Number of protein chains: 2
Amino acid sequence: MRLSARTEYAAIAALELARHWQAEEPVRIREICAAQGVPARFLVHILLRLKHAGIVASVRGAAGGYRLARHPEEITLEDLRVAIEGPGTDVAPVSVALGQRSRLAGLLAESWEAAARAEADVLRGTTLADLAARCRSGDAMYYI
Amino acid sequence: MRLSARTEYAAIAALELARHWQAEEPVRIREICAAQGVPARFLVHILLRLKHAGIVASVRGAAGGYRLARHPEEITLEDLRVAIEGPGTDVAPVSVALGQRSRLAGLLAESWEAAARAEADVLRGTTLADLAARCRSGDAMYYI
DNA sequence: GCACTAATACTCGGATAAATGCTGTCCGAGTTATCATGG
DNA sequence: CCATGATAACTCGGACAGCATTTATCCGAGTATTAGTGC
């Protein structure tokens, strides 16, 4: 239920990259950290994971940095979450295991997973493009 | 996103108690463990938390045990979750903290919390009575 | 048959320990742009 | 003006340490039922 700091940092960094989507030059880690207050040495490894997941692309060497590998509209918060935490995360491993022999535990496993699906659906509905747009135009409209 | 084993065990135990809701005598820990394969010494502390949360009532002494403190229809999976994990669990503490100064992080904090709310809503819609009923009558009807 | 005592079975709650994962740092290596220097 | 080499800036990736949380286990204490024992 609680997000790991890694995942949060990943989203912050990715959203920062989304803001610079139109720019030519890649964004350096130092810039992200300066703007958002994220520990730099830690962010390195996070961006590395995002790169391996195909969400982010990197440019090496001086004047290098990171940019989004796909259009911001095609990257959702759920993408970022599974990129960091891995897809193999069972929501309720104990219930699933016990559910092999106990009908009761099996029912619970289904319920937990239904809740997790609801959460994932919401995250899948939020793209980086949405957030970037709301970030620019003070999103007073969302607070009616 | 991943449930703690404690929470899963709590739900299993509570659902087992719900099945014996109509019985006079309380259910002993050993019976729950025998039926569901939960470590006994661990379940003691879990039931203690559920008791402090007012979800479960205990009868001390020989022939003692546990029973639900409320009607199974008035106990949801969300109740069990907050009883075990505590209500003070921020979903995205980092984003909330950074959101004080960064609009970007603030937007993310809202998004994470919206997803968490969706999940909590599903859990709030599932009562122990529901699950107990489905547990008795082989719930083939749910698999259309 | 009755009162009293001992044994038993259960809950209560804290202390403790091992395992695991999270968070963050450090360091060396690889890669590229930039700049200085010499021809 | 051009070529070459040094330097700086950045990414890559593993190793590692400190810390917190999780997952139990253990033990003593409290409480009520039950069985036994003596009168």
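Above this text you will find the structure in question.
To start, this report covers the structure provided alongside it. (Residues numbered from 1 in each chain as written. Chains lettered and ligands numbered in written order. Predicted model: local features only at pLDDT ≥ 70, side-chain atom pairs only at ≥ 80, totals over all residues. Heavy atoms only, no water.)

## Brief notes about the overall build of chain A
At step 1: Across its full length, chain A carries seven helices and two strands.
At step 2: Each helix (α) and strand (β) of chain A, taken in turn from the N terminus, gives the series α-α-α-β-β-α-α-α-α.
At step 3: Dimensions of chain A along its principal axes, counting C-alpha atoms only, are 60 × 40 × 25 Å.
At step 4: When burial is assessed residue by residue, chain A has 49% of its 144 residues classed as buried.
At step 5: Intrachain contacts of chain A at a sequence separation of at least 6 include 60% that bridge at least 24 residues.
At step 6: Here chain A has roughly 7400 Å² of accessible surface; of this, 51% comes from carbon and sulfur atoms.
At step 7: Of the side chains in chain A, 18 bear a positive and 17 a negative charge, and the two mean positions are spaced by 7 Å. (Helix = DSSP H or I, 4+ residues; strand = E, 2+ residues; numbered from the N terminus. Buried < 20%, exposed > 50% of the residue type's maximum accessible area, 1.4 Å probe, protein only. Contact = heavy atoms within 4.5 Å. Areas by Shrake-Rupley, 256 points an atom, 1.4 Å probe, with all protein chains shown as cover. Lys, Arg positive; Asp, Glu negative; His and termini not counted. Charge placed at Lys NZ, Arg CZ, Asp CG, Glu CD.)

## Quick look at the interface of chain B and chain A
At step 1: Contact residues are listed per partner, giving 48 residues for chain B and 47 residues for chain A.
At step 2: At the boundary of chain B with chain A, total buried surface from both sides reaches about 4400 Å², with 67% on carbon and sulfur atoms.
At step 3: Here chain B is connected to chain A by two salt bridges.
At step 4: Between B:Arg134 and A:Glu110 there is a salt bridge, with the nearest N and O atoms lying 3.5 Å from each other.
At step 5: Joining chain B to chain A, the criterion identifies 12 residue pairs in polar contact (both at pLDDT 80 or more).
At step 6: Mapped by element, the contributors of at least two residues to the side of chain B that touches chain A are α1 (5-19), α4 (77-85), α5 (93-98), α6 (103-124) and α7 (128-136) of chain B.
At step 7: No other element matches the 15 residues that α6(B) contributes to the side of chain B that touches chain A. (Buried area = accessible area lost by both parts, 1.4 Å probe. Salt bridge = Lys/Arg side-chain N within 4 Å of Asp/Glu carboxyl O. Polar contact = N/O pair within 3.5 Å; in protein donor to acceptor, adjacent residues only side chain to side chain.)

## Focus on the protein's contact with DNA strand D
At step 1: In the vicinity of DNA strand D there are 26 residues, among which A:Arg28, A:His45, A:Lys51, A:Ser58 and A:Tyr66 approach most closely.
At step 2: Per the 4 Å cut-off to the protein, sugar and phosphate atoms form 66% of the nearby atoms of DNA strand D.
At step 3: The separation between a base oxygen of DNA strand D and a polar side-chain atom of A:His45 is 2.7 Å.
At step 4: In this structure, B:Arg60 approaches DNA strand D through a side-chain N or O atom, which is 3.0 Å from a base nitrogen. (Near = heavy atom within 4 Å.)

## Digging into the protein's contact with DNA strand C
Residue and element names in this part refer to chain B.
At step 1: Arg-28, His-45, Lys-51, Ser-58 and Tyr-66 are the nearest of the 26 residues found near DNA strand C.
At step 2: Counted by atom, the contact set of DNA strand C within 4 Å of the protein is 68% sugar and phosphate.
At step 3: Here a base oxygen of DNA strand C sits 2.6 Å away from a polar atom, N or O, in the side chain of His-45.
At step 4: Per-element tally for the surface near DNA strand C: the top contributor is helix α3 (residues 40-52), with four residues.
At step 5: For the surface near DNA strand C, the per-class residue count stands at 10 nonpolar, nine polar and seven charged. (Nonpolar A, V, L, I, M, F, W, Y, C, P; charged D, E, K, R; others polar.)

## Side note on the relation of the copies chain B and chain A
For these two chain copies, the linking operation is a rotation about an axis paired with a shift along it.
At step 1: Between chain B and chain A, the superposition needs a rotation of 180 degrees and an axial shift of 0.0 Å, giving an RMSD of 0.1 Å. Between the two chains, the operation in question is that of a two-fold axis. Relative to the rotation axis, the C-alpha of B:Met1 is the closest in chain B, positioned 1.9 Å from it.
At step 2: Interface residue correspondence from chain B to chain A reaches 98%, placing this contact among same-surface, isologous pairings. (Least-squares fit on C-alpha atoms with pLDDT ≥ 70 in both.)

## Observations concerning the pairing of strand β2 (residues 65-68) of chain B
The side chains of a regular strand alternate between both faces of the sheet.
Residues and elements named next belong to chain B.
At step 1: Both strand β1 (residues 56-59) and β2 contribute to a ladder of four bridges, which runs antiparallel. Following the sheet pairing, Ala-57 is matched in β2 by Arg-67.
At step 2: In this structure, the hairpin formed by β1 and β2 is closed by a connection of five residues, where Gly-61 is found at a positive phi of approximately 80 degrees. (Pairing = 2+ DSSP bridges.)

## Points about the packing of aromatic side chains
Residue and element names in this part refer to chain A.
At step 1: In the structure shown here, the tally under the stated rule is two aromatic pairs over all chains.
At step 2: Summarising the aromatic geometry, the rings of Tyr-9 and Phe-42 are spaced 6.0 Å apart at their centres and angled 90 degrees between planes, so their arrangement reads as edge-to-face. A residue pair is termed long-range when its members are at least 10 positions apart, and Tyr-9 in helix α1 (residues 5-19) and Phe-42 in helix α3 (residues 40-52) qualify at 33 residues.
At step 3: Residue Tyr-9 is classed as buried on the basis of its relative accessible area, which comes to 12%. (Phe/Tyr/Trp six-rings, centres within 6.5 Å; stacked < 30°, edge-to-face > 60°.)

## Considering unusual backbone geometry
Residue and element names in this part refer to chain A.
At step 1: Positive phi, close to 60 degrees, is recorded for Ala-63, a residue that is not glycine.
At step 2: Along the polypeptide, Ala-63 turns up in the loop between β1 (56-59) and β2 (65-68).
At step 3: What makes Ala-63 exposed here is its relative accessible area of 67%.

## Structural notes on the side chain of B:Glu8
At step 1: With respect to the helices and strands, the residue B:Glu8 is situated in helix α1.
At step 2: One buried charged side chain, B:Glu8, makes no salt bridge at all; its nearest oppositely charged neighbour is B:Arg2, positioned 6.0 Å away.

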